[in-house]
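# Architecture and fold: a report
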Amino acid sequence: MADATADQAETQSGPMLAADGTPLKRSLARSLRMQRIRALMLVAPLLIFVLLTFLSPIFDMLFRAVENRIVGDTLPRTVEVLKDWDPETSDVPPEAAFQALYYDLFLAAEAKKHTRLGTRLNYEDPGISSLFRSSGRSLDDLGEDHIEAIEDTAKQDWREGAFWYALLGGDAGEPVVESARSQFVALEGETPRGPVGVVWCGLRNVVGAPCPPSLSRMPLNFGLSNDAMAMLPTTSLQYAAFGVFTVLEDGEALQEEDPWEAVYVAMAQDLAAPDAAAKVAAYTGPGAAELQAAQQAIAALPPISFRDGFAEIDEDWLDPTVWRSIKAYSPKYTPGYFLNAVDLEMGPDGVQARPESQQIYVMLFKRTLIMSMAITISCIMLGYPVAWLLSNLPDRKANMLMILVLLPFWTSLLVRTSAWKVMLQQQGVINDTLVWLGIVSDTNRLVMINNQFGTIVAMTHILLPFMILPLYSVMKGIPPSYLRAAKSLGANNWTAFWRVYFPQSVPGIGAGSILVFILAIGYYITPELVGGTTGTFISNRIAYHISSSLNWGLAAALGSILLVAVLVLYWAYDRIVGIDNVKLGG
Amino acid sequence: MLDTATGDAFVEFDRVQKSYDGETLVVKDLNLALPKGEFLTMLGPSGSGKTTCLMMLAGFETATYGDIRLGGVSINNIPPHKRGIGMVFQNYALFPHMTVAENLAFPLEVRKMGKSEREQKVKRALDMVQMGDFGGRRPAQLSGGQQQRIALARALVFEAELVLMDEPLGALDKQLREHMQFEIKRIADNLGITVVYVTHDQTEALTMSDRVAVFNDGKIQQLAPPDVLYEAPENSFVAQFIGENNTMEGVVTEIKGDSCLVQLDGGALIDAKPVNVTKAGERTQVSIRPERVEFNAERLSPDAHLLDAEVKEFIYMGDIFRTRLSVAGNDDFIIKSRNAPDQERLKPGQKIKIGWLAEDCRALDA
Ligand SMILES: Nc1ncnc2c1ncn2[C@@H]1O[C@H](COP(=O)(O)OP(=O)(O)OP(=O)(O)O)[C@@H](O)[C@H]1O
Ligand SMILES: [Mg+2]
């Protein structure tokens, strides 16, 4: 046989050929590829399901823990200006920063997004959110005198949307308009539709329920005039921003709308520029006369000081810490949430510990780990004998016992936890019994609930089946003949158990421990109900940030750390015990 | 060795009964005594109580009634680990988490033996089963036959005088089984240990044992050396259970000393040796081994009763010929003849006469 193949190889100088003459390698590869594709098709639905429902939330969480676009999206110009500002040496940032902040915040306030930013920055610098909220409200008053001065020159014209459009609008300026649009879209937090979204909307079109048009696609129906852009650059910019907002948010036509204060303020700024008088004098287009009058009115006033304007709204704007926070959290990605999750923060000299009063997360992580271990250990202690009994009883009795073990699964978690409250509270069953027996005096009733003890007891009870089941199935797979063999070899009951039976049940302990530990580390309801203040876990804090404080970034960072901790422990377990030593069945 | 006076018996079952459920007796009145150094096999169909007997001896089951004595001392109340009985289990029960050497060292360790002595004994035991190089392996890395040897070595390493084996070769293929039979027998003889061996393979029982106890229905049907068992079964169960047999039913018509006359249900008369029959008129089952049936006219004794037979099938098996006949209404009458140059090869349809020596045909219980 071997000779025959050798002969064949010798006589054929080229590559081996398949029956149809194609090289054997290629036809083999093709047939294998077909097999692989078919196999992939079979698992594809599951794969997609897992990706969508399991992996994508995890990645989303990991992403959220570092994502920080909100500052840059809400205050794009301010962030730009602050790049040149050195938060350590200088006092408050220059006027340009106040000016940028004014325009950014004005738009944000109109879009009602400024509070969101305030909330975000409040995580890092408590108190900042009220500053943003009140400022957003009072921003209309900034530059009041100048706005009035312009309006007073020709009230009926300046209050007319058409007049403004004649002055500033036109067919040009598309880049400016589009950049205003993209700023607005970013502010609204709308992301462009991906391929999936496009297909989805195509389907909805067919069905007759089309998707709402995307902000970045809706027609705007206005442009800017080249003359105005040269003469009044800031105004044109602000006018574009106003136009985008009017069309996209309010659904009105720009031509009919009297612009908001920020456009007046921009106009005042433009008209106060040193060469403004000359430019305006040279201008002959629509509204030239009104513009000249306005220019003269503005020239009579002192230039707008945004710094003073903000100071008037709230003195805190002159406090550099606010600006430091804005600058510190202006990058798109931030380690801030993670630092916060381990009780650190970004200070002027880099990373530093948080004030003592705010340090809770490291302690909570430690407590979660230690208590989860305690729960795991007590599950082993209680579960091992039960599993042993289960696997050694005659079938009928074992089934009965198994039902008892599984009973907790059939009862609501809340009911079980509440039952523990009844048992453990100071006026509860156990205390009453102890008092009645005279072991504990009536005045010294034991505190067994709303603390770590209560959490450990209740969680051990709840997680016990997860220890017993893998243990049981492993023990069921250990033939009784091993114990008999050990005894026949002269080992007494204990030695036989400890040297022969126990080592073989270790994989079950391993599997049970991993299950219980990982479940415990992320458990939330029971500690919430019976943990009091000393028995809560990190998950309770995560839940709090998800549902109450709405600091999802921090919640995500905490969750990610928990995930990494579990993975590290799993890895360590694999190194020490070996993951092949984990069995869920005999 | 046949003569086992109760006085020098090493292992003794004395009227032992066993019931698991309190309703049926799994072992009924077992009396058995074996001297030191004997190789005794318990043979019997499934469920006949062999393992139960072994477990009682090892101490994993307690006798419901009766006494089990080891070296003259009742061991009913001695826990298994103090009985010092080596045991080989059907699935070997080698501890999977220990290496071969650790498995072997285990009984020595629990006996608190020093390390050097332990190693020496383990090595000797491994050499004895020709597995000297396998000390570092895990049981899962061994073949079935190798595991079997290790199990044997482990049962022997602490120098037990009595070793129990419960179908130790059941999981092996035929060739390996035959080899191991020989091996076990050799080692047992060399060490002079007493062995109680359970099997339901009769060839195994016959080739290995000094004596065989045939079990059925919780009782010992016959306890005898292999040749006696084969040639002189005491009842029809043993006759049918051991080896191949032709049986015919009939009524005893006359008993004269060592032989009797049996009228088969078809009417024909044959000669037989009365074993379980005592008087004329009793129903009986006669049993004759296929190789003891004679059909060569010259070799048949003239005054014996002969039967008419018709050849149904002739099977050439190499060393022997196996011929199926129709005799007295029985189509499954088998005869075996040696493949010799002068041996006649019967042809289907051929009509012949068959007969036998009266002492080869045993008239047993009906
Ligand atoms: N633990 C037990 N509980 C109840 N009945 C049992 C138990 N062990 C064995 N029996 C019964 O006792 C009888 C004898 O069983 P035993 O195991 O001794 O048979 P055996 O001769 O070893 O059979 P085999 O050749 O199949 O191993 C059987 O009818 C069996 O059902
Ligand atoms: Mg058995």
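Residues numbered from 1 in each chain as written. Chains lettered and ligands numbered in written order. Predicted model: local features only at pLDDT ≥ 70, side-chain atom pairs only at ≥ 80, totals over all residues. Heavy atoms only, no water.

### Brief notes about the sheet that holds strand β18 (residues 351–354) of chain B
All names here are of chain B. So the rule is basically this: Paired strands, in this sense, are two strands between which DSSP finds at least two bridges. Helix and strand definitions here come from DSSP, where helices need a minimum of 4 consecutive H or I residues and strands a minimum of 2 consecutive E residues; each element is numbered from the N-terminal end. An axis is simply a line fitted to the C-alpha atoms; with a helix, the fit covers only the stretch in contact. Between two such axes, the angle follows the N-to-C directions and lies from 0 to 180 degrees.
Strand order across the open sheet formed by 4 strands is β17-β16-β15-β18, with antiparallel pairing between neighbours. What marks the edges here is a single partner per strand, and that holds for β17 (330–338) and β18. With direction set aside, neighbouring strand axes in the sheet form an average angle of 45°. Sheet analysis places strand β15 (residues 307–316) next to β18, joined by 4 bridges and oriented antiparallel.

### Focus on the pairing of strand β1 (residues 9–18) of chain B
Residue and element names in this part refer to chain B. Put simply, the rule reads: Note on classification: 1.4 Å probe, protein chains only; a residue is buried when its accessible area is under 20% of the maximum for its type, exposed when over 50%, partly exposed between these limits.
Burial runs high along β1: 7 of the 10 residues are buried. For β1 and strand β2 (residues 27–35), the ladder comprises 6 bridges, and the chain directions are antiparallel. The residue of β2 that forms the bridge with Lys-18 is Val-27. Pairing of β1 with strand β4 (residues 65–70), which is carried by 5 bridges, proceeds in the antiparallel orientation. Residue pairing in the sheet places Asp-14 in a bridge with Asp-67 of β4.

### Looking at the domain arrangement of chain A
Many analyses report the size of an interface as the accessible area lost when the parts associate. Under the convention used in this document: These domain boundaries are the output of an automatic or database domain assignment.
Taken domain by domain, chain A consists of domain 1 (21–57), domain 2 (68–142 + 306–332), domain 3 (145–193 + 219–303) and domain 4 (361–581). Each of domain 3 of chain A and domain 4 of chain A was reduced to a C-alpha centroid, and the two centroids are 68 Å apart.

### A short note on the environment of B:Thr247
All names here are of chain B. Basically, it comes down to this: Residue contacts follow a heavy-atom distance rule, with two residues in contact if any of their heavy atoms lie within 4.5 Å.
Structurally, Thr-247 is set in strand β11 (residues 246–256). Placed 78 residues apart in sequence, Thr-247 and Leu-325 show a C-alpha to C-alpha distance of 13 Å. Leaving out residues up to four positions away in the same chain, Thr-247 has contacts with Gln-240, Gln-285, Val-286, Ser-287 and Asn-330.

### Describing the site of ligand 1
All names here are of chain B. Basically, it comes down to this: Consider each residue's heavy atoms; a residue with any of them within 4 Å of a molecule or strand counts as near. Counted as a polar contact is a pair of N or O atoms within 3.5 Å, where, for protein atoms, one must be capable of donating a hydrogen and the other of accepting one, and residues adjacent in sequence contribute only when both atoms are in side chains. With residues, only the protein chains shown are counted as cover, and all accessible areas are computed by Shrake-Rupley using a 1.4 Å probe. Note on residue classes: Ala, Val, Leu, Ile, Met, Phe, Trp, Tyr, Cys and Pro are nonpolar, Asp, Glu, Lys and Arg are charged, and everything else, Gly too, is polar.
Within the structure, ligand 1 sits among Tyr-20, Val-26, Ser-46, Gly-47, Ser-48, Gly-49, Lys-50, Thr-51, Thr-52, Glu-167 and His-200. In this structure, Ser-46 approaches ligand 1 through a side-chain N or O atom, which is 2.4 Å from an oxygen atom. In this structure, an oxygen atom belonging to ligand 1 sits 3.3 Å away from a side-chain N or O atom of Glu-167. Surface burial for ligand 1 is 57%, taken as the share of its 620 Å² of free accessible area covered by protein chains. Of the residues that constitute the shell around ligand 1, the class distribution is 2 nonpolar, 7 polar and 2 charged.

### A short note on the domain arrangement of chain B
Residue and element names in this part refer to chain B. To keep it simple, the criterion reads: Using a 1.4 Å probe, buried area is obtained as the accessible area two parts lose upon being combined, added over both of them. Counted as salt bridges are all cases of a side-chain nitrogen of Lys or Arg within 4 Å of a carboxyl oxygen of Asp or Glu.
If you check the domain split of chain B, you get domain 1 (11–236) and domain 2 (245–365). A separation of 39 Å is found between the C-alpha centroids of domain 1 and domain 2. Across the contact, 8 residues belong to domain 1 and 9 residues belong to domain 2. For the pair domain 1 and domain 2, the two sides together bury roughly 700 Å², of which 40% comes from carbon and sulfur. Considering only the surface of domain 1 that becomes buried against domain 2, Tyr-230, Pro-233 and Ser-236 emerge as the three largest contributors, covering 62% of it. Along the contact surface separating domain 1 from domain 2 lie 0 salt bridges.

### Notes on the pattern of salt bridges
Residue and element names in this part refer to chain B. Applying the stated criterion across every chain, the model contains 40 salt bridges over all chains. Residue Arg-69 pairs with Glu-12 through a salt bridge whose shortest N-O separation is 3.3 Å. With a gap of 57 residues between them, Arg-69 in strand β4 and Glu-12 in strand β1 connect regions that are remote in the sequence. The exposure class assigned to Glu-12 is buried, which follows from its relative accessible area of 9%. Between Arg-283 and Asp-265 there is a salt bridge; the shortest N-O distance is 3.0 Å. In this pair, Arg-283 is assigned in strand β14 (residues 283–288) and Asp-265 in the loop between β12 (259–264) and β13 (269–274), connecting sequence segments 18 residues apart. Residue Arg-283 is classed as partly exposed on the basis of its relative accessible area, which comes to 40%.

### Focus on helix α14 (residues 233–250) of chain A
All names here are of chain A. As a reminder, the rule being used: To estimate the expected span of a helix, count its residues, drop one, and scale the result by 1.5 Å.
Here α14 is 18 residues long and its end C-alpha atoms lie 25 Å apart, about the 26 Å a rise of 1.5 Å per residue gives. Counting buried positions along α14 yields 14 of 18 residues, so the element is predominantly enclosed. Backbone geometry just downstream of α14 places Gly-251 in the positive-phi region, at approximately 70°.

### Quick word on the packing of aromatic side chains
For any pair of aromatic rings, geometry is given as the distance between the ring centres together with the angle between the planes. Residues and elements named next belong to chain A. Inclusion rule: Geometry of aromatic contacts follows a simple scheme: Phe, Tyr and Trp rings, the Trp one being its six-membered ring, pair when their centres are within 6.5 Å, and the pair is stacked under 30 degrees between planes, edge-to-face over 60, tilted otherwise.
A complete count under the given rule lists 33 aromatic pairs over all chains for this structure. With a centroid separation of 5.1 Å and an interplanar angle of 55°, the aromatic rings of Trp-158 and Trp-164 are classed as tilted. Trp-164 carries the same exposure label as Trp-158, and that label is buried. With 6.0 Å between their ring centres and 85° between their planes, Tyr-384 and Phe-497 make a pair best called edge-to-face. Here Tyr-384, found in helix α21 (residues 361–392), pairs with Phe-497, found in helix α27 (residues 493–521); they are 113 residues apart in sequence, far enough to count as distant.

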